[in-house]
Amino acid sequence: MKKSTKQSIRTLSIITVVLGAILVALTWWNMGVSIWGHRSYGNVVWMEELKGWQITVIGGRLLTITLLFVLCCIFLSRILKGLDSGDIFPRSNIALLRWGALLMFFYGFFWNNIGSVLKGESQLEIDSNTILMPLIALVFAQLYKMAYLAAKDSSLAI
């Protein structure tokens, strides 16, 4: 692989990690302000009968976005290590992509319900993206697996 291609993959990986870290930090900040911040920012309206649901959705949103970021960092570090060793598609990334798809489902679910939870409403929402985006991620995991098998097959043929 050309040096310029490797360098562009490294640069894009760094940009992805930095933007992901900013997104995670902003999400944590936003939730912190909503829970403990000033009234003008729109505090959580805690309802005693919904408190467990509210804590689940808020905590789930924070946990899933953090875990998705961690999986992304692991995925990119394995890609970069693979580029150095000549293994373009590390096999271990297939499982990461599948776990990421599962986390995407839960993140979408919590994302859809965060608005009503912050307002203290007992409304359950699911949209088509909650199901569609993880399915697309699973398709990409399968494509990645096929690329891994093709790369393995071509390295054995040489």
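Keep in mind that this is a model prediction, so the values were computed, not measured. (Residues numbered from 1 in each chain as written. Predicted model: local features only at pLDDT ≥ 70, side-chain atom pairs only at ≥ 80, totals over all residues. Heavy atoms only, no water.)

With that settled, consider the side chain of T64. As for its placement among the helices and strands, T64 is situated in helix α2 (residues 51–85). Of the residues examined, T64 reaches a relative accessible area of 6% and is grouped as buried. In contact with T64, other than residues within four places in its own chain, are L103, F106, Y107 and F110. (Helix = DSSP H or I, 4+ residues; strand = E, 2+ residues; numbered from the N terminus. Buried < 20%, exposed > 50% of the residue type's maximum accessible area, 1.4 Å probe, protein only. Contact = heavy atoms within 4.5 Å.)

Attention now goes to the packing of aromatic side chains. The tally for this structure, following the rule as stated, stands at six aromatic pairs. Between F105 and F106, the ring centres sit 5.4 Å apart and the planes meet at 75°, which makes this aromatic pair edge-to-face. Members of the aromatic cluster, connected to one another through ring pairs, are W53, F109 and F110. The ring centre of W46 lies 5.9 Å from the NZ or CZ of K51, which sits over that ring. (Phe/Tyr/Trp six-rings, centres within 6.5 Å; stacked < 30°, edge-to-face > 60°. Lys NZ or Arg CZ within 6 Å of the ring centre and 35° of its normal.)

Looking now at the pattern of salt bridges. Opposite charge on two side chains allows them to pair when their charged atoms are near. Counting across every chain of the model gives one salt bridge. Residues D84 and R10 are paired through a salt bridge, measuring 2.5 Å at the closest nitrogen-oxygen approach. Of this pair, D84 sits in helix α2 while R10 sits in helix α1 (residues 3–36); the two residues are 74 residues apart in sequence, bridging distant segments of the chain. In this structure D84 comes out as exposed when scored by relative accessible area, which is 53%. With relative accessibility at 24%, the residue R10 sits in the partly exposed group. (Salt bridge = Lys/Arg side-chain N within 4 Å of Asp/Glu carboxyl O.)

One finds L71, F75, L76, I79, L80, L83, I94, L96, L103, Y144 and Y148 forming the largest nonpolar core, which totals 11 residues. If you list the elements that add at least two residues to this core, you get α2, α3 (92–119) and α4 (128–157). Here this core gets six residues from one element, more than from any other, and that element is α2. Residue contacts for L71: discarding those within four places in its chain leaves L96, W99, G100 and L103. Core analysis: the second largest hydrophobic core is formed by 10 residues, M31, V44, I114 and V117 among them. (Core = buried A, V, L, I, M, F, W, Y, C linked by side-chain atoms within 4.5 Å.)

This next bit is on α3. Look at α3: 41 Å from first C-alpha to last across 28 residues, which is about the 40 Å you get at 1.5 Å a residue. Count one or two residues on from α3 and you reach G120, which has phi positive near 80°. (Expected span 1.5 Å × (residues − 1).)

Relative to the assigned elements, N93 resides in helix α3. A polar contact of 3.2 Å, which involves the side chain of N93, links it to the side chain of Y144. Beyond its immediate stretch of four places on either side in the chain, N93 contacts F75, R78, I79 and Y144. (Polar contact = N/O pair within 3.5 Å; in protein donor to acceptor, adjacent residues only side chain to side chain.)

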